[in-house]
Amino acid sequence: MDHEHVRDVDPAVADALEGEIDRQRESLQMIASENHVSRAVVDAQGSVLTNKYAEGYPGERYYGGCEYADEVEELAIDRATELFGAEHVNVQPHSGTQANQAVYFAMLEPGDKILSLDLNHGGHLSHGHPANFVGQLYDVEQYEVDPETGYLDYEGLAEHAAEFEPDVIVSGYSAYPREVEWERIQEAADEVGAYHLADIAHITGLVAAGVHASPVGVADFVTGSTHKTIRAGRGGIVMCDEEYADDIDAAVFPGGQGGPLMHNVAGKAVGFKEALEPEFEDYAEQTVANAKALGDQLSEHGFSLVSEGTDNHLVLVDLRESHPDTSGGDAEEALEDAGIVLNGNTVPGETRSPFDPSGIRAGTPGLTTRGFDEDDCRTVADLIARVIDAPDDEDVIAAVREDVEELCAENPLYE
């Protein structure tokens with residue numbers, strides 16, 4: 001990619017940008033919340049729309065000169081509506097967290113009750129962790145997955161809801177490898193008169209492609225990130241029935257943020273157009289197939305997978321049984337040295353610190369974008385096993401790095 005204008009003004013930033021391109025090209029990006037967007041999305045996000053303030057909504061802006069900003073936002077909304085079948089879509093949130101914030105601000109008062117999945121069990125900071133604004137503003141209790149199976153404990157969730165009587169139940173997760181049964185969570189919400197917020201941040205693309213069940217039309221509110229499995233511009237999205245549209249729009253602007261990042265909205269519009277093409281369904285199906293192949297091969301090497309497998313784009317590995325002396329942080333560091341970038345992650349029943357947890361989380365969205373298939377992902381699993389079996393062996397790490405570079409050369413990125 002060309003950074004000549006940046007280099008003319010700021011060589012230090014240009015060097016960092018070029019270093020980042022090389023890093024992505026020459027290593028395997030397996031953080032489950034990351035992906036590689038197309039050049040078209042990159043161009044849209046780097047466009048002159050960054051110059052435009054467009055506070056308000058199409059046709060109702062607080063500034064003049066918004067005709068093209070309106071056009072872009074309307075395209076993003078129309079395409080998201082077609083992708084997900086939602087009655088109302090707001091594409092302005094700067095992130096998935098701010099999408100969730102909009103729902104809370106629209107429907108709750110400070111001190112109201114939220115029931116969400118525990119972070120150690122695969123939840124998210126913006127679902128109620130005490131370090132996040134959600135945990136500080138609202139009364140939060142958390143449900144868990146079944147410690148024996150690693151699957152969501154739907155009956156336990158319903159029982160917890162009956163006792164706690166929350167105002168909102170949050171579903172959708174950051175480290176849950178199985179398909180979510182949205183209807184069962186909706187039933188629990190209905191029983192106690194709670195709203196149901198389904199946060200599909202990680203699986204937005206899988207839902208759009210129809211390879212994961214959709215909560216749209218089931219849950220009261222659906223939020224998501226737009227830069228993960230769906231490969232659109234970085235940011236968030238809120239979807240809801242028309243009856244909540246005005247409240248959600250007001251909670252996004254002016255309730256939670258000012259002018260929308262119109263260059264990001266442009267990136268969303270372009271990415272949504274790409275997701276409407278038939279090839280995107282193939283991509284989503286391959287992403288899931290690749291994750292299954294990755295998980296199966298890791299299991300062959302003796303690794304313990306939370307829930308013993310995956311239905312989506314990620315696998316969650318609990319290292320305590322197979323590698324009790326290796327933490328997730330140790331594994332992450334050694335793997336990055338070998339050119340495999342993923343993250344240490346908490347696991348159900350976590351016994352270590354969240355800053356140096358017992359598991360690793362590995363995703364296949366970025367690999368699949370590069371063109372990896374099941375055989376490639378089984379090879380990647382072999383490489384991961386070699387490193388974690390000998391995380392301090394520099395010869396092993398160097399040899400794996402060579403194999404990674406060969407895989408990257410066979411599946412080039414941003415040529």
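Residues numbered from 1 in each chain as written. Predicted model: local features only at pLDDT ≥ 70, side-chain atom pairs only at ≥ 80, totals over all residues. Heavy atoms only, no water.

Novice: Could you give me a rundown of the packing of aromatic side chains, with the residues and numbers involved?
Specialist: Taken as a whole, this structure holds 10 aromatic pairs when the rule is applied. Ring plane angle 55 degrees and centroid distance 5.8 Å describe the contact between Tyr104 and Tyr138, whose orientation is recorded as tilted. Here Tyr138 lies in the loop between α6 (133–137) and β6 (139–143) and Tyr104 lies in helix α5 (residues 96–107), a separation of 34 residues in the sequence. You can call Tyr104 buried: its relative accessible area is 1%. A network of ring pairs unites the aromatic residues Tyr104, Phe105, Phe133 and Tyr138 as a single cluster. Cation over ring: Arg231 sits above Tyr283, and NZ or CZ is 3.8 Å from the ring centre. (Phe/Tyr/Trp six-rings, centres within 6.5 Å; stacked < 30°, edge-to-face > 60°. Helix = DSSP H or I, 4+ residues; strand = E, 2+ residues; numbered from the N terminus. Buried < 20%, exposed > 50% of the residue type's maximum accessible area, 1.4 Å probe, protein only. Lys NZ or Arg CZ within 6 Å of the ring centre and 35° of its normal.)

Novice: Tell me about the environment of Asn290, and please be specific about residues and values.
Specialist: Following the sequence through the fold, Asn290 ends up in helix α12 (residues 278–300). Judged by relative accessible area, which is 0%, Asn290 ranks as buried. As a C-alpha pair, Asn290 and Asp373 span 83 residues in sequence and 6.1 Å in three-dimensional space. If sequence neighbours within four positions are ignored, Asn290 has contacts with Thr364, Thr368, Phe372, Asp373, Glu374 and Cys377. (Contact = heavy atoms within 4.5 Å.)

Novice: Describe in detail the sheet that holds strand β14 (residues 343–345), supporting the description with residues and values.
Specialist: Spatial strand order, β11-β12-β15-β14: 4 strands in an open sheet with antiparallel pairing. The open sheet terminates on both sides in strands that have one partner only, identified here as β11 (304–305) and β14. (Pairing = 2+ DSSP bridges.)

Novice: Requested: an account of helix α11 (residues 262–275), with residues and values cited.
Specialist: Between its first and last C-alpha atoms α11 spans 20 Å; for 14 residues at 1.5 Å apiece the expected length is 20 Å, and the two agree. Extensive coverage of α11 is indicated by the burial of 11 of its 14 residues. Buried residues of α11: Met262, His263, Asn264, Val265, Ala266, Gly267, Lys268, Ala269, Gly271, Phe272 and Ala275, and no others. Elements in contact with the buried residues of α11: α3 (39–45), β3 (60–61), α4 (67–84), β10 (236–240) and α12. (Expected span 1.5 Å × (residues − 1).)

Novice: A description of α4 should follow, citing residues and the corresponding values.
Specialist: An ideal rise of 1.5 Å per residue puts 26 Å on 18 residues; α4 measures up with 26 Å between its terminal C-alpha atoms. On its buried face, α4 is in contact with β2 (56–57), β3, β4 (88–90), α9 (204–209), β10 and α11.

Novice: Tell me about the pattern of salt bridges, and name the residues and values.
Specialist: Within the structure shown, the criterion is met by 14 salt bridges. Among the salt bridges present, the one from Glu20 reaches Arg23, with a minimum N-O distance of 2.8 Å. Taken together, the residues Glu20 and Arg23, both in helix α2 (residues 11–26) and 3 residues apart, mark about one turn of the helix. The class for Glu20 is partly exposed, based on a relative accessible area of 29%. Measuring nitrogen to oxygen at the nearest pair gives 3.6 Å for the salt bridge that ties Glu405 to Arg401. (Salt bridge = Lys/Arg side-chain N within 4 Å of Asp/Glu carboxyl O.)

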